[in-house]
Structure formats: C-alpha cells, structure tokens
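Secondary and tertiary structure notes
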Amino acid sequence: MDRIQFKVNGLSCSVGCEVSSDVTLLDYIREYLKLKGTKYMCREAGCGGCIVTVKRPPTLPYAVNSCMTPVTSCHGWEITTIEEVGNRKKGYHPLQTTLAKTNGTQCGYCSPSWVMSMYSLLQTNPKITMMEIEKSLASNTCRCTGYRPILEAFRKFAKDAPRPIELPDIEDLQICKKSGEVCNKSNCEEEEWCIVDKEGIFSDVIQFRLKDNRLWVRVNYVRDIFSILLREGDDSYMLVCGNTAKGVYPIDEYPRVLIDVSAVQELKGYTIDQNLIVNAGNTLTEFLNILQKVSSEEYFGYLQKLYDHILVVAHIPVRNVGSIAGNLMIKHQHNSFSSDIFLLLETVGAQITIQNAFSFKRTMTMQQFLRTDMRGHVIWNIMLPPLNNNYRLVTFKIMPRSANAHALINAGFLYKLRGSDNTVRQATIVYGALSPTFIHAAATERYLVGKKIFSNEVLQIALKILEQELVVVENPPDPSVDYRKKVALGLFYKSLLQIMPENCIGPRYRSGAINLRDTRPLSRASQVYDTKPQQWPVNQPIMKVEALIQCAGEAYYTEDIPSFPYEVYCAFALSTIAVGDLVSIDSSKALKYPGVIAVYTAKDIPGINSFTPPDSFLYSANEEVLCSGPVQYYNQPIAIVVAETRHIADRAAKLVTATYKNVKKPVLDVRETQGDSRKSKLYTEVNATEKGDDVTKNVKGMNSIYGQYHFVMETLTCVIKPSDEGLDVYCATQWLEGVQLMISRALKIDQNRIDVHNRRVGGAYGIKMSRCIQGAVASALVVTKLNRPCRFIQSLTTNMRAVGKRLPCVVNFDADINNSGVIQSINFNLYEDNGYKTNEQFTLLGTGAYNNAYKKSRWNYKSYDSITDTAKNTWARAPGTLEHIAMAELVMEQIAYETSQDPLDVRLANLDPEYEELRGMVNDVLLTSDYKKRRAFVDDFNKDNRWKKRGLRFALLRWTPLGGINVCVNVSVYRGDGTVIITHGSIEMGQGINTRAVQVAAYILKIPVDKIVVKENNTVIAPNVSLSGGSITSLNVVVGVRRACEELMRRLQPIRDQMDNPTWEQLITKAHQDNVDLQSHGFTRTDEEYPFPVYGVTLVETEVDVITGEFQVVRVDLCQDAGQSINPEIDIGQVEGSFIMGMGYWTCERLVYAPTGELLSDRSWDYHVPLAGDIPQDWRVCLRKNSYSSDAIFGAKSIGEPPICMAVAVGLSIREALVAARLESGIPTTQWFQEDGPYTVDRNFLLASTKIEDFKFK
C-alpha cells in the first residue's frame, strides 16, 4: 500500500490510510509523535505559533506553518521541530539562550515559534542583516512582550550586528556544480534544473484512500493530474500545493479527490523568450527569487516593483509553500478576494496559460481567466511582457497594520509616457478590494491617453472621471465604501506624485509620494532603571526562571497533556439569533455525522446551569453554561457536541440547528443605553466637594470606545479525566477555585472530589478568569456522562464569537472652565457596557480612577452599568480603569483644543495636589525626550508638508490597585540537599510571578536562586485561592512567600544558634534531625490591601499619511512608576507588552458586528493585533527613580495593567496629526471631532476630511 514517507527530527515517519484529510502536519507532530513544543492558536497561518523548519533536498531549509500543511503533503520532507533545535539533554541552541536572556519570553507560548522562525531564516540566509531580520519576523504574533526584546535578541545574530553571535556552519548545504554557490533551484534556467534523485522525480504516483474516504494522490507530472481526473471524475477535486487557501477561506469539508501537485517539476522554474514565462507551480518565495534575478535583465527592470510588492503578500512561511497558481485560483473562485498577485499581473499586462485533459493549451488575459471555467484545467504558466524605460509602474497595498494582512485596497498603475513632454501614450489603472467585478478604470485610462499628465487641470478632470466610474460595494468587515472609493482616488494621485520629477512638485506636496512603510528604519530602544546590588536577588534583573524551557518548547501547557485512552473532544454549538426564545434544538444531522458520539443541552446539566459564582468577590450573578430558553446574544452556546476528534466536533457543531420565537432586533451599541432605565442602572455617584467661580467657557462632549479581544495565543482549553475520587481537571485558567466550585455546583459533585491543576497559561489578560470555566463545566459534564476523558479546545472563532471582551463605554460630560483650561466644575457620566448581564464588578474597579490624576473635588461623577444584547463582557487588562483614565484624558484633550492651549499645560493646571509627584515625572520626561525641540519640529513639519502630518502628545496616569486576595503559599525544604520548592496557588501567565517568588525566597533564606523551584498549582495544595488578576497577584504572592520564609527562618534560628556558621545544607540536615518542620505556610487576606498609587507619563510621536490613512509610531518616551522593582527586566517587559496591547486597542483592533449581532471580525484574517513592524521606531522606557511603596512588598508596585492605560497617547497623537490635516481643509483646530473606537487606517483617512480639489502638484 502506498504511503507518504518523511522524517521528523531525523526519525523516519510514514502516513497513509490511517489519517483523515483534515490531519495537518501540526496534528501529526503533536498527537502522533507527542512533540508538544510546536504550538498553535488560529490554525489559519495568521499567528505564526506553529512554525517548523522543512528541508526538501537539495533546497535550503525554510519555515512552514504546520497548521496549514496536510501531513500527506510532506513526502520527502526533512522536518525539524523546536525539540531538535536544542533541549536540556543535548544543550540549548544559542537562539534559545539568547531569547531567554534578553527577556524575550513572557507567557512563553509563542516562544518556540519565534525560535523556529529565526532558526529557519538563518538556515536560509546565514549572512542576514539586522534590517532583514526585523522585516522577516514582522508577521509572528506575540501578545505579551511588545516584540522589542525578541527583535533585540535575534538581531544579535545578524552579520552587521555590533557584536554578532556566531553560529556553527550549517550542515549539508547543497552546492550548485555550475555556480559553486548554495543551490536554489528558482535561480536556474529550465534546462539547467538539477536532477534531485530518482525518487524525487521519477517515482510512480502515490495514492491511497484516507480514513474519511477521500482519495489522496501525489503526482509528479501534469499528465498524471489529468489521468486521475479522467479516472475519478472532476465533480469534486482539489489540486493541493501549499493548502494556504484555507487560511483565507476555511475548509470544513475537503473534496472527494485531493491531488498533491507540489512535486510536479514541470510547473516549476522559468524561461525567457520575448516574455518572462514563469511556471505557475512556483511558490511565491521562488517567484520572488525569479523576479529579483530577472529584474537585472534589459526590459525587465520593472520586476523589482513586483518583488517589493510581493514581500508584503502574506508572510514568509506562507510564501514558502503557497503557489502562484494557488493564489490565482483563490481569486478565480472568490472574485472579491483582493489578490495582490492577480493585481500585479493584470497591471503589467501579463497573460496566463492553462491546459485541459486533452493537452490543449490556451493563453489568455488575466480577466479572461476569471471568466473561464477552470474545471478540469491546470494553470501552466504566466507570461510577463518586456517593458522599456518609457513605462512607469507604481503599485500600492494599503493594510490595517505593517504586515501579514490582506489589502484594505490595492492598486496598480502603469503609464507609458513620451519622454519629451510626458504625454501619456498608454495608461493602465487597476484596483482590488473595491468590488468583485470592478478591475480597470477604463474611462480614466482612455481620458489620459494623449494628455500631459503632470498638470493640475488634467489631474482634476481625471479624478472626476475616476470618481464616476469606480464601483465599490459593501463587504463587511472590510472598510466602508466611502473610504475605499476616496482612497482609490488618493492612490491615483499618489501614483503620479511617485513618477513625477521631484523638482516639478511643489515642496509641500512632495511628501505625498512617500510610502510610510518604506521609510521605517531599524527600530531602536532603551530601557533605564536603577538596581541595588546590596539587595540582590531582590531588585536584581535576573532571567525568568522558566525562560529557557519556554524557548525550547519544554514548558508544558494545558493542551500539551498527552492524550488519554478513549479520550473524546467537544465543541459548542452556537445560537444564530441574538434576542429571542429557544424553542427546540435539532441535533439529528450532527448525530449522523461520522465520529459524533453525543450532543448535550442545558437539560443534561444536573445542577446549577452556571459557570460564575455569585457569592464570590467581584461577582454578583449566575451565567448560563448553555442557553436554557431566552437567547441573550448571537452565538450563545446552546449545546455541546462530543466526537472522536476535534475537527469532527467543530464540524458537527455547525450542523446543530435550533428553532426560535419572539426574535427581536438586538441593541448592540452602548450609546443606545443612555437614558434607558431598562438598559442602564446607576452604579455609583460621587458629588463634587467644591465648585470654582472663574468660568469663562463651557466645554461639553461625548466619547465612546469599544471592545477588544484578548487574542491569547493559548485559547480557552480544558482537559478532564475521571479520577479515583471524581475528576482530575487540567484547565487554562486564572482561577483554580472558580473552576472547582462551578463544576461542583453544576454537576452536584463534592468539591473535594474535584482536583483542578494548572502549571501556567499561554497568555490570559482576563479572559481566563471566568470565561474558561464555561468550557470546563461543559467538558466535565461530558466526562460524567460518558466516563471517558474529554478535551475541549475552543477554536479562535468560537472564542471570539461566544465569549465577551473588553467593556465598551460611553461618556458624556459638561465642564465649565477658565481661560487656563482649569475645570471649575464638571458633570461626568460614564456608561459601561457589560454585555447582556451585569455580573463581574468592573465599574467598581474603575470608580477610583474616574478623575485620573486631576482635581477630584470639582468632579460630579456618575457611573452606570449598561446592558446590551451582546456576549457578557469580561475582564480584559485594566478593566474599568482603562476606560475611566482614557475618558479623563480625552476631556483634557478637548479642553486644550477648544481653548487653543498646550494639552500638557491643561493637564498640569488641573493636576490634583494629592498626585503632585506626577509633576516631577513630567519634568523628567520633558527633559529626556527633548520635548521643546521636538514640539517645534512637529509644528514646522506640519506646516511644510501637506500629505504627511505628525502628532506629539502626552498622557498621564494615576492608577490605584483595589482589594486584597487569598493566596496560600507553601515553602518546603528537602533535607537531603537543602533544595526548596514553592507552591502558591496563583497563576503564572507571563508576569513573572514565579521568578519574583524565587527571588524573595532566596533573599530571605539567603540561598542561591537556583536552589529553589516553583511547582505546579492545584486545588489540593492551594484551596480557596482567589483569582489571579488586577495586577495585585504578584504582590500578594511576594507577601505570602515572605511570610512563609520568615516563619521557616524563625524555626531554624534556634538550630543555627547551636551551630558554628553552618552552611544552608548543614543547617537543614541538623534541623531535620531535631524534628523541625521544614514546610512553612504563608497566607494573605482579602482585607489586606496595598493601595499605593502607580504613576506614569508617556509622550508619543506619530506620523500619518493623509492620502491613505496609514500611520507610524515614530517615538515613545514612557516613564513608569514600578516602585522598587523586584525584577526590573520583568517589569520593563510588562510595561512594553501592556503598552503595545493598548496601542492595538487604539489603532488597529476593531470589532465589526452585523446588525443581527453576529461578530464578523472573528479570525486572524480580519482582526488585527499589532506586529513587530508596528512598534515604535524609537522606544525609550524608564522605571521611575526613588519610588518605594512598603517594606511588606519590598517597595514594589503593581505593574501589569497600568501601562496599557497610557496607550491612549497613541490615539491622541494621531488625532493631532489629523487635526493638522483637517486645518488644510479649512476646519479650525478648535473644532473637536468625534471619533468612536480605534484610529484605524480607514478612519484616519476619513477623519482627515481631505478634498479632492486639494490633490495638486503645485
């Protein structure tokens, strides 16, 4: 029987009929080989978490997304995973150790993929530069670190690094016999191709029937494709090369016949006759190599433009396997797909050749290709024409972030000019992402012919013609028609600026020709903090204790627990209405689906149908695990589908249908709840204690901000198995007791029969406080029903659709001020959107921050708990406080604009005397940031440039933690060698809680940190422990460890007094002999608080492209009060990661809902978090000097959440740039404009209010 043969870490592997069509290389690595170092999140090549290295002799190794690659596509591959790169047995690789030492890992879930991406880069190009590294790593996602330490770590391996780290020579590189250089087949002429080996080219067709009855065929020749289609029929088939299309359009069910064409060498390579003929089976990486090489040939210099554009298509691992033909076929099947490859080929007038089963080849235009029935056809090649120097090519791709995103709009312009007077002889204008049918601006093309193009008159007429002929249709969640139509006009103008001689353009307009993305330099950063060696290891910037094992993939997470015998999987079936009554559920189709075991509904829950405890701190209500009647929001879980595999469970969950009645239109926007007593309830009211009488102006306004998805790299996951007493629960949670308590109540099982375990989580930010409990209760129900282990891994789309997010809010205010902008009185009303129910007490957390750092005595404050018909919103980094602080900052900003004052002066004039410490921090930042000089530069820049604008804005912070928590710390010493273990019941999620615990214990016990280990947490050793969050957990663990260690030292003191300066080991041996208890306990109480205010000052400089709306963060100066940091490096990491998460909130992370309540931006494809290319170009972070809180917590302060509150400065800085742009359109700077939600690329463009008439050359 035929099988697919390949190697993983040198181990020979094979697959055949025992796997299904949905089994990916990722699945095989993790589930079949049990190599858990390779992680995943999105399963659509959007996050980079699943990277492995692949080598197909004789080519160089390269990176692939293992989540996209069918394992049956891996024939002949040599695959390397993180386990082989370095480990505790063979030693760690320099990449792993450097990333760990540079503090480039926090939660650690994405760290193996970063290592594998860099490892692959170095395998491909050992002489890579620092800039190439930054650009190449611009698509991996990390939600924790803010990217800076990762880039700094890996730049050390660049050839142009100041002190480059040298790696051993890469083994087994194939040397080309012709050139003597490393072989790269895409650089060869067709007739020069190497013979790989007999098996590589001349082997027979490999075919076998998969477990799910699909036929898998691996072919080596085009004729084999047609032979299979003639034999099997062409009614249901798919040609598979990289399988990357499923990242764009997910595939639930594969066709009946799957033909692997990746080994068809006829479809590789290129030739040059009059045209450049590139075979369509080339991967995009191979295509890039071809373009770069041939661009040096006469008449093909324009290929460099195509090369530059394709560098921002997808990302490296996708380009390594995705083919030209595959990309074009996505466009063929989905005309609305904004294919950059199609756009480029259409712009330059390329043609495409296809072939059918009868060996009949046809060459046609790209547009003809879209209209051709491709059933039974193969794309053979594309032909790119020669173009002389009279042709000018310009292309654009406007993205929502720096990389790894599809185009909001893309465009190509090709002008043939007469050299003597720049008269247009031919014009080609192509757009993508406007509508499925509109491609060419034909009328505009015709008008331009014969015109001298560089004239304002011709430009304006052309713009009016173009405006009339553009066809743009709504396509949510893509940007509005208004944006795409207007920016299409702007790109036409921008294209002319780029080809026009610079000396013919007015100086103020020249910046319009510049693409912001092309100006980004190598990023730079600095981190400044004090440390006191006399107090070490407390206050010492040591490496995180888990850092190395995280970077080596040896750190285990919940889903890494090996499969148990007879294990099942489950998935939620979701409602398809937002408001109504659930009448009945029809699971018949799901139960008939092969591999489905059972479907459970609310009636199967024997106890309380809830996953939140109303009797716990910060909770007040039950929330249903499964809908029992009234549907509260779109995609509310209504049933649990149980199946043999995860894929089957996810697929079958979509087959569950329901009948509803009393369906109503949902209320989705918190603004609609204002004044509606049914939707909003007053939570608290704080009245002003004084009122000023120097009133010269009234300022009023309303500001809204919306949700943010947590985008945790480890999704909500739970693994449960039957135990001797009841259940063993392994849950990715921030709250062990909450999981135990609610499983107990829902299933009527005693708590002492439920043991909940957790070692660490792969990112949390609040989503794993309570939302994880819903899945835990569901999987526990399955275990009790079937008496089989159950694994519940909620997909990214389920996480985004069924789970709440950061709370949206709206504020309306009315302030009386004096001439200096000092508030005399203000009415400030804030409405928090809880989702469908008020439960978790977010408003309580924000109440203490409503005035931020400004004079509280003059604020009349009311806060309202609002409900909307959306998923119950939940904890998200700085819940409550972010909204209140941001809204206070917006008030200061509006006052400054309307009174034409410097916003910093307004802030300082309103500063509350209680927080006068902030003034000193502001003065420090003014000095270190060179503010006065930069303020003058920005003002001059905005005067001198029409199409680029800058902003420079401050944000101030006062953040006070709330409450205390229960933490149970146990410190145990082993008598044999004096080593120490700690357990604490709180959750390590990247904030360095374990490292801080070790540092404090080592300091008090006076032993080296490497003698101490922190063990896993569970409800046996730490019962009744509070949830981990609110930036107070680390401090409480420090207190608990301190108490336990001090108690231990008190016990040891009498023994020490009897000895002559004993070593630690001698002391412990003697203590054990004298029956001293070597285990001590530390406990913290909920009535113990450490409410020390945390201060911060941030200055942000941004630049906006007025023509497109794109922006860059030029520089950030951030000073954060961390008290006396227990570990400055970890705290710096917390500051940076928190700030970048906030930057995403204010710039690129937009949630888009349909009027029905359905979330449309539910994948990495259309929900965009910041990437490495989005971080500040110049990023300067310092920890405040001479700050101290309390001896009990070693002078430290809360750190994980406060910095995100200062990211509002990014939005304020962009706003200033937009105000400068609006001034050019005649809108005064004193006119405040409303912007609800993030300053996304499309919103920036529209808010700039640019007029078409302003598009001119001089």
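Small disclaimer: the values here were computed from a predicted structure and weren't measured.

Here the focus is the overall build of the protein chain. Across its full length, the protein chain holds 36 helices and 42 strands. By the compact-globule yardstick of 33 Å for 1258 residues, the protein chain fits well, its C-alpha radius of gyration being 31 Å. Across its three principal directions, the C-alpha atoms of the protein chain cover 95 × 80 × 70 Å. Looking at the protein chain residue by residue over its 1258 residues, the buried ones come to 66%.

Here we come to the environment of Ala1071. Position of Ala1071 relative to the elements: it lies in helix 32 (residues 1064–1073). Residues Ala1071 and Val1106, spaced 35 residues apart in sequence, show a C-alpha to C-alpha distance of 73 Å.

All right, on to the sheet that holds strand 22 (residues 630–631) then. Reading across the sheet, the 3 strands line up as 22-20-24 and stay open at both edges, with antiparallel pairing between neighbours. In the strand order of this sheet, the two ends are held by strand 22 and strand 24 (657–664), each with one partner. The sheet contact formed by strand 20 (residues 579–586) and strand 22 spans 2 bridges and is antiparallel. Within strand 22, the residue paired with Gly580 across the bridge is Val631.

Within the structure shown, the criterion is met by 79 salt bridges. Among the ionic pairs, Glu893 bridges to Arg907, the shortest N-O distance being 3.0 Å. Of the two residues, Glu893 is situated in helix 26 (residues 881–899) and Arg907 in helix 27 (residues 903–909); the sequence distance between them amounts to 14 residues. A residue is classified by how much of its surface remains accessible, and Arg907, at 0% relative accessible area, is buried. Among the salt bridges present, the one from Glu1216 reaches Arg935, with a minimum N-O distance of 2.4 Å. With Glu1216 in helix 35 (residues 1208–1224) and Arg935 in helix 29 (residues 931–944), the pair connects residues that are 281 residues apart, well separated along the chain. Each of Glu889, Glu893, Arg907, Arg935, Asp939, Arg953 and Glu1216 takes part in salt bridges that share partners, so that together they form one network.

By size, the foremost hydrophobic cluster in this structure holds 249 residues, and its most contacted members are Phe154, Tyr431, Leu448, Phe492, Ile743 and Phe828. In terms of residue count, helix 26 provides more of this core than any other element does, 11 residues in total. Those residues in contact with Phe492 that sit more than four places away from it in its chain are Phe413, Tyr415, Ile429, Tyr431, Leu448, Leu459, Ala462, Leu463 and Leu466. Counting residues in hydrophobic clusters, the runner-up holds 43 residues, among them Val278, Leu291, Tyr302 and Tyr307.

What follows is about unusual backbone geometry. For the bond running from Pro57 to Pro58, omega is 10°, close enough to zero to count as cis. For Pro58, the location among the structural elements is in the loop between strand 3 (51–55) and strand 4 (62–65). Residue Trp536 is joined to Pro537 through a cis peptide bond whose omega torsion reads 10°. One can find Pro537 in the loop between strand 18 (524–528) and helix 19 (547–551). At Asn422, a position not held by glycine, the phi torsion is positive, near 60°. Mapped onto the fold, Asn422 is located in the loop between strand 16 (409–418) and strand 17 (423–432). Owing to a relative accessible area of 23%, Asn422 belongs among the partly exposed residues under this scheme. With a phi close to 55°, Ser1249 is a non-glycine residue in the positive phi region. Inspection of the secondary structure puts Ser1249 in the segment after helix 36 (1241–1247).

Turning to the packing of helix 31 (residues 1033–1057) against helix 32, a few remarks are in order. Helix 32 packs onto helix 31 with a crossing angle of 90° between their chain directions and a minimal axis gap of 10 Å. If you check the angle between helix 31 and helix 32, you find them roughly perpendicular. Within the contact between the two elements, helix 31 uses Met1049, Leu1052, Ile1055 and Arg1056 and helix 32 uses Trp1064, Leu1067, Ile1068, Lys1070 and Ala1071. Of the residues that constitute the contact of helix 31 with helix 32, the class distribution is 7 nonpolar, no polar and 2 charged.

Further remarks concern the packing of helix 22 (residues 736–747) against helix 23 (residues 771–786). Contact geometry for helix 22 and helix 23: axes closest at 9 Å, N-to-C directions at 45°. The orientation of helix 22 relative to helix 23 falls into the category oblique. Two packed elements cross with a definite hand, and for helix 22 against helix 23 that hand is right-handed. Residue-level inspection shows Gly738, Val739, Met742, Ile743, Ala746 and Leu747 of helix 22 in contact with helix 23, the latter providing Cys772, Ile773, Ala776, Val777, Ala780, Leu781 and Thr784.

Enumeration according to the criterion identifies 38 aromatic pairs in this entry. For the pair Phe828 and Trp859, a centre-to-centre distance of 5.1 Å together with 55° between the ring planes defines the contact as tilted. With a gap of 31 residues between them, Phe828 in strand 32 (residues 823–833) and Trp859 in strand 33 (residues 859–866) connect regions that are remote in the sequence. On the accessibility criterion, Phe828 (0% relative accessible area) is buried. A relative accessible area of 1% places Trp859 in the buried class. Pairing Trp947 with Phe1255 gives two aromatic rings, centres 5.4 Å apart and planes at 55°, and the pair type is tilted. Of the two residues, Trp947 is situated in the loop between helix 29 and strand 34 (948–959) and Phe1255 in the segment after helix 36; the sequence distance between them amounts to 308 residues. For the pair formed by Trp947 and Phe1255, the shared burial category is buried.

Let's shift gears to the environment of Ala688. Its place among the elements puts Ala688 in the loop between strand 25 (680–686) and strand 26 (697–705). Each C-alpha atom of the pair Ala688 and Asp1174 lies 42 Å from the other, and the pair is 486 residues apart in sequence. Apart from residues no more than four positions distant in its own chain, Ala688 is found in contact with Ser857, Arg858, Trp859 and Asn860.

This part is about the pairing of strand 36 (residues 980–983). Here strand 36 shows no split at all, with Val980 and Ile982 on one side and Ile981 and Thr983 on the other all buried. The antiparallel hairpin formed by strand 35 (residues 967–973) and strand 36 contains 6 residues in its connecting segment, where Gly978 sits at a positive phi of about 80°. Note: strand 36 against strand 37 (residues 1012–1014), 3 bridges, orientation parallel. Paired with Val980 across the strands is Ile1012, a residue of strand 37.

The next point concerns helix 13 (residues 340–347). Most of helix 13 sits inside the fold, with 8 of its 8 residues counted as buried. Among all positions in helix 13, only Asp340, Ile341, Phe342, Leu343, Leu344, Leu345, Glu346 and Thr347 are buried. Residue Ser339 occupies the N-cap position of helix 13, its side-chain oxygen lying 3.4 Å from the main-chain nitrogen of Ile341. Two residues or fewer past helix 13, Gly349 is found with a positive phi of approximately 80°.

So, about the side chain of Ser779. Structurally, Ser779 can be placed in helix 23. Within the structure, Ser779 has its side chain in polar contact with the backbone oxygen of Gly775 (distance 2.8 Å). Among residues more than four places away in sequence, those in contact with Ser779 are Cys570, Cys718, Ile720, Cys790 and Phe792.

Moving on, we get to the pairing of strand 14 (residues 378–384). Counting buried positions along strand 14 yields 7 of 7 residues, so the element is predominantly enclosed. Note: strand 11 (residues 276–279) against strand 14, 4 bridges, orientation antiparallel. Across the sheet, residue Leu276 finds its bridge partner in strand 14, namely Leu384. By the bridge criterion, 5 bridges tie strand 12 (residues 351–355) to strand 14 in an arrangement that is antiparallel. Following the sheet pairing, Ile354 is matched in strand 14 by Ile379.

Evaluation of the coordinates by the stated rule reveals 0 disulfides. Not part of a disulfide, Cys142 finds its nearest cysteine sulfur in Cys110, a span of 3.7 Å. When its relative accessible area of 6% is taken as the criterion, Cys142 is described as buried.

Looking now at the sheet that holds strand 6 (residues 206–209). Spatially, 6-7-9-8 is the arrangement adopted by the 4 strands of the open sheet, whose pairing is mixed. Lying at the two open borders of the sheet, with one neighbouring strand each, are strand 6 and strand 8 (237–240). Adjacent strand axes in the sheet meet at a mean angle of 15°, parallel and antiparallel pairs treated alike. One ladder, built from 4 bridges, connects strand 7 (residues 215–218) with strand 9 (residues 257–260); its direction is parallel. Its bridge partner being in strand 9, Arg218 is matched across the sheet by Asp260. Sitting on the sheet, helix 8 (residues 222–232) touches strand 6, strand 7, strand 8 and strand 9, and the angle it makes with strand 9 is about 170°.

Here we take up the confidence of the model for the protein chain. Should the pLDDT be low somewhere, the predicted coordinates at that spot are not to be read in detail. Per-residue confidence for the protein chain gives a mean pLDDT of 95, with 97% of residues at or over 70. Segment residues 170–202 is flagged for pLDDT under 50; beyond a separation of four residues in sequence, or across chains, it makes 55 contacts in the model.

Calculation notes
- Residues numbered from 1 in each chain as written.
- Predicted model: local features only at pLDDT ≥ 70, side-chain atom pairs only at ≥ 80, totals over all residues.
- Heavy atoms only, no water.
- Helix = DSSP H or I, 4+ residues; strand = E, 2+ residues; numbered from the N terminus.
- Rg over C-alpha atoms; globule rule 2.2 N^0.38 Å.
- Buried < 20%, exposed > 50% of the residue type's maximum accessible area, 1.4 Å probe, protein only.
- Pairing = 2+ DSSP bridges.
- Salt bridge = Lys/Arg side-chain N within 4 Å of Asp/Glu carboxyl O.
- Core = buried A, V, L, I, M, F, W, Y, C linked by side-chain atoms within 4.5 Å.
- Contact = heavy atoms within 4.5 Å.
- Axes fitted to C-alpha atoms, helices over the stretch in contact; angles between N-to-C directions.
- Parallel < 35°, antiparallel > 145°, perpendicular 65-115°, else oblique.
- Nonpolar A, V, L, I, M, F, W, Y, C, P; charged D, E, K, R; others polar.
- Left-handed = near helix turned anticlockwise from the far one by under 90°.
- Phe/Tyr/Trp six-rings, centres within 6.5 Å; stacked < 30°, edge-to-face > 60°.
- Polar contact = N/O pair within 3.5 Å; in protein donor to acceptor, adjacent residues only side chain to side chain.
- Disulfide = S-S within 2.5 Å.
- pLDDT = per-residue confidence, 0-100.

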